[in-house]
Amino acid sequence: MAEIFDRLVIRLLLALFVCLMIYVYRYAHVIFYPTVKRQVLKKINPAENPADSLHLFSRIIGIALIFSSITFNETSGFFLSIFHFAVWGTLAIILYLLSLYIIESIVFYNFDYTDEILKRKNMSYAVISFCHAIVIAYLTRTVMIEAENSLVILLVLWLYMLVIVGFSVKYYTFISKLTFNRLLIQKNLSLCFSYGGFSLGAGLVIASCFDQEHYDITVYCIQVLLKTILSLIIFPIFKKGLVRIFPIKLGEERALEGRIDTDMQSLGYGFYEGSVFIAGAILTTMIVNRIQFGTIYPFF
Amino acid sequence: MYKFFLYAMLIIIYLGLAKALSPSEIGIHYLQNERGFSKLIKGDLATVILVDTHATGFLIKTYYQKYRVISGYDTVEELIVRTSKEFAQKNLKHIGLSLYRKTDVSEEFLPLPPGSIYMGNREFGDWSKNKKGESRWIFHKAFKNFPRYLGWGTFRPTREFYQELKSKVSLNQPYFGPNGEFGPNGKVTRENFPQFFKDERMKKVEMKTLLIEYFKENF
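Residues numbered from 1 in each chain as written. Chains lettered and ligands numbered in written order. Predicted model: local features only at pLDDT ≥ 70, side-chain atom pairs only at ≥ 80, totals over all residues. Heavy atoms only, no water.

1. A closer look at the overall build of chain B
Filter applied, for reference: For helices the rule is a DSSP run of H or I covering at least 4 residues; for strands it is a run of E covering at least 2, with both sets numbered from the N terminus onward. Here the globule rule is a power law, 2.2 Å times the number of residues to the power 0.38, and the radius of gyration is based on C-alpha atoms. Three labels apply to residues, based on accessible area from a 1.4 Å probe with only protein chains included: buried if under 20% of the type maximum, exposed if over 50%, partly exposed otherwise in between. By definition in these notes, contact holds between two residues if any of their heavy atoms fall within 4.5 Å. The accessible surface values rely on the Shrake-Rupley method and a 1.4 Å probe; as for residues, cover is taken only from the protein chains in view. Under the counting rule used here, the positive set is Lys and Arg, the negative set is Asp and Glu, and His together with the chain ends is not counted. Each charge is placed at NZ for Lys, CZ for Arg, CG for Asp and CD for Glu.
What chain B contains, in helices and strands, is 8 helices and 8 strands. Expected size for 219 residues packed as a compact globule is a radius of gyration near 17 Å; at 22 Å, chain B overshoots this value by more than 25%. Each of the three principal axes of chain B carries a C-alpha extent, and together these read 80 × 50 × 35 Å. Counting every position in chain B, which comprises 219 residues, the buried fraction comes to 40%. A separation of at least 24 residues holds for 52% of the contacts in chain B among residues at least 6 apart in sequence. With an accessible surface of roughly 13600 Å², chain B has 56% of that area assigned to carbon and sulfur atoms. When the 34 positive and 23 negative side-chain charges of chain B are each reduced to one mean point, those points stand 2 Å apart.

2. Here we look at a nonpolar patch on the surface
Residues and elements named next belong to chain B. Here is the rule we go by: Patches draw on residues past 30% relative accessible area with no salt bridge. Two like charges within 9 Å are joined, as are two nonpolar side chains (Val, Leu, Ile, Met, Phe, Trp, Tyr) within 5 Å. Should a side-chain nitrogen of Lys or Arg be within 4 Å of a carboxyl oxygen of Asp or Glu, the pair is scored as a salt bridge.
A surface patch of nonpolar side chains, about 770 Å² in accessible area, is lined by V205, M207, L210, L211, Y214, F215 and F219. Following the sequence through the fold, V205 ends up in the loop between α7 (199-202) and α8 (207-218). Its relative accessible area of 43% is what places V205 among the partly exposed residues.

3. Overview of the interface of chain A and chain B
Here is the rule: As used in this structure description, the phrase polar contact means that two N or O atoms lie within 3.5 Å; if the pair is within protein, one of them must be able to donate a hydrogen and the other to accept it, and residues adjacent in sequence are counted only when both atoms belong to side chains. Put simply, Ala, Val, Leu, Ile, Met, Phe, Trp, Tyr, Cys and Pro go in the nonpolar bin, Asp, Glu, Lys and Arg in the charged bin, and everything else, Gly too, in the polar bin.
Listed per partner, the contact involves 17 residues of chain A and 24 residues of chain B. Put simply, chain A and chain B have 0 salt bridges between them. Between chain A and chain B we count 2 residue pairs in polar contact (both at pLDDT 80 or more) in total. The dominant element in the side of chain A that touches chain B, judged by the number of residues it contributes, is helix α11 (residues 217-245) of chain A, at 11 residues. Classifying every residue of the side of chain A that touches chain B gives 16 nonpolar, 1 polar and no charged.

4. Brief notes about the sheet that holds strand β3 (residues 62-71) of chain B
Remark on secondary structure: sheet strands pair via backbone hydrogen bonds, oriented parallel or antiparallel. All names here are of chain B. Our working definition: For two strands to pair, DSSP has to find at least two bridges joining them.
Spatial strand order, β1-β4-β3-β2-β5-β6: 6 strands in an open sheet with mixed pairing. Looking at the sheet topology across the chains shown, the edges are occupied by β1 (29-31) and β6 (107-108). Sheet topology places strand β2 (residues 46-56) next to strand β5 (residues 98-102); 4 bridges connect them, and they run antiparallel. When the bridges of β5 are listed, T47 appears paired with R101.

5. A short note on the pattern of salt bridges
All names here are of chain A. The tally for this structure, following the rule as stated, stands at 9 salt bridges over all chains. Put simply, E3 and R7 hold a salt bridge, and the shortest N to O gap is 3.1 Å. Note that E3 and R7 are positioned in helix α1 (residues 2-32) at a spacing of 4 residues, about one turn of the helix. Given the relative accessible area of 52%, E3 is considered exposed. Here R59 makes a salt bridge to E104, at a shortest N to O gap of 3.1 Å. A residue pair is termed long-range when its members are at least 10 positions apart, and R59 in helix α3 (residues 50-67) and E104 in helix α4 (residues 78-107) qualify at 45 residues. Here the two residues R59 and E104 agree in accessibility, since each one is buried.

6. Here we look at the side chain of A:T228
Relative to the helices and strands, A:T228 resides in helix α11. Classification of A:T228 as buried rests on a relative accessible area of 16%.

7. Some words on a positive patch on the surface
On the surface, A:K177, A:K240, A:R244 and B:K3 cluster together to form a positively charged patch. Within the secondary structure layout, A:K240 lies in helix α11. The exposure class assigned to A:K240 is exposed, which follows from its relative accessible area of 59%.

8. Digging into unusual backbone geometry
A positive phi angle is found at A:N149, which is not glycine, with a value near 65°. Residues other than glycine seldom take positive phi values, yet B:N172 does so here, at roughly 60°.

9. Observations concerning a negative patch on the surface
All names here are of chain B. A surface patch of negative charge is lined by D44, D74, E77, D104 and E123. Tracing the backbone through its elements, the reader meets D104 in the loop between β5 and β6. Under the relative-accessibility criterion, D104 is labelled exposed at 63%.

10. What to know about the domain arrangement of chain A
One widely used convention gives an interface's size as the accessible area the parts lose upon coming together. All names here are of chain A. Here is the rule we go by: The source of the domain bounds is an automatic or database domain assignment.
One can read the domain layout of chain A as domain 1 (1-147) and domain 2 (171-300). A C-alpha centroid distance of 26 Å is found between domain 1 and domain 2. Contact residues are listed per partner, giving 22 residues for domain 1 and 22 residues for domain 2. Our count for the domain 1 to domain 2 interface comes out at 0 salt bridges. In this structure, the connection of domain 1 to domain 2 is made through 7 residue pairs in polar contact (both at pLDDT 80 or more). Counting residues per element, the side of domain 1 that touches domain 2 draws most heavily on helix α6 (residues 123-147), which supplies 14 residues.

11. Here's the deal with the packing of aromatic side chains
Residue and element names in this part refer to chain A. The following threshold applies: Centres within 6.5 Å make a pair out of two Phe, Tyr or Trp rings, where for Trp the six-membered ring is used; the pair is then stacked when the planes are under 30 degrees apart, edge-to-face when over 60, and tilted otherwise.
Applying the stated criterion to the full structure yields 49 aromatic pairs over all chains. An angle of 75° between the planes, with centres 5.9 Å apart, marks the rings of F17 and F85 as edge-to-face. With a gap of 68 residues between them, F17 in helix α1 and F85 in helix α4 connect regions that are remote in the sequence. Residue F85 is classed as buried on the basis of its relative accessible area, which comes to 1%.

12. Some remarks on the pairing of strand β4 (residues 76-83) of chain B
All names here are of chain B. One ladder, built from 3 bridges, connects β1 with β4; its direction is parallel. Counterpart to H29 in the pairing with β4 is V81. With 8 bridges joining them, β3 and β4 adopt antiparallel strand pairing. Note on β4: the bridge partner recorded for R68 is E78. Hairpin connection from β3 to β4: 4 residues lie between these consecutive antiparallel strands.

13. Considering the nonpolar core
In plain terms, the rule: Within this scheme, the nonpolar core is defined by two criteria: the residues are buried Ala, Val, Leu, Ile, Met, Phe, Trp, Tyr or Cys, and they are joined through side-chain atoms within 4.5 Å.
Of all hydrophobic cores here, the largest spans 76 residues; its most connected members are A:Y96, A:F180 and A:F210. With 13 residues, the top contributor of residues to this core is α4(A). Split by domain, this core shows at least three residues from each of two domains, domain 1 (1-147) and domain 2 (171-300) of chain A. B:L31, B:Y100, B:M119 and B:F196 belong to the second-largest nonpolar core, a separate cluster that totals 43 residues.

Set out below in structure tokens:
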């Protein structure tokens, strides 16, 4: 009974420590978004600005996702495991916010957080930002798991991941019919669902490329690169296939081009594109990662 | 058209990078034909015995061969190579035979029973008469493991075997032994290279049997 009670106490203490780390994160968030200082450090009113609530809480979901990858090893001592969590948790917060800052600087290079979220309450911007937060968190989590408590490997893999994500976000303009900047200014929700589907799909594909056994960092990086290129080859097949299997009608026959444009900006088209991107990405991960070709060794 | 070009480029880049960087491509040599042995085999008085052969792939097959390389005064090694389709198929009937031999002065590429390079070489053994009065090749004690390495088992070549072997070499014809002891149908080869002749590798499974086994295992 005493042992069970002791373990419960340890769990409760660690839960409190994780809360403390999230408190630390709240202040770290201010470093990257100094303009929200007043909102973040005061009580948050979700009804006042839903876009801002989504933007902020998506990051909290993200940091929770990353923290879930860190393990406590109580056998090495309670304080040492707390120290381990504090070090890796802090690292996770820094890397996560830095990744978000860099990726959002690439995607929203024409937009400003203060203008879009605080002044214009742009929900499209908030949803896209939400997707970024989740995807980057998921990828940082994957990279942290793969690094296996090695700081050097973590930094190498994180930089590598960031480069791949940076390229992948630019891929959206190739495969979507929607005009990103124009529709984002118009607060178009079709865009956010389409881009959301794309970024979540891309995140799944990239995470699956990183998720593999590794004994040598160079060979591992080569394998990740090869899998990423392979995904780029496979994904269009599924995207084209899904579009052919479920064809859509845009505008009436002989309609003016403007009518087709209006239909494309509808919420339905956003759902359609987003779903195609996610489904295509999931199927791509299956083709890239779930086929076991075997080796010659069972035979030889 | 632009997208198609980009896609084609992507496939070429993938194939190129996979070929150049993939770990599965590193460390396995490619053997176009028997002439390629010259570069791979370094030791003197070496004989290369084909131990096993295997093809992987669905539409485009990759052929692998496993060799036992016996160097006269060095160690015995295993060598796995990728080969061309022609070379792999040609040598299907040469399992257990020596496909390459290298001496100080020459190279031989004719498929012959393993150990032919050492027969008649007094450094390695001598002809010895048994109780029946037959003269057989026996290795010196220093090379007592050679019959096992060569896949002879209890077989010991006679002088007649050696003479016949030499006449086949002069005619540039492969040799499988007086009673076909060597090769895929040879008794000696089948006994001493059991890996290749395992029942599960030899039998051809029908689709119906395969499906029944699948349902038994999975449901």
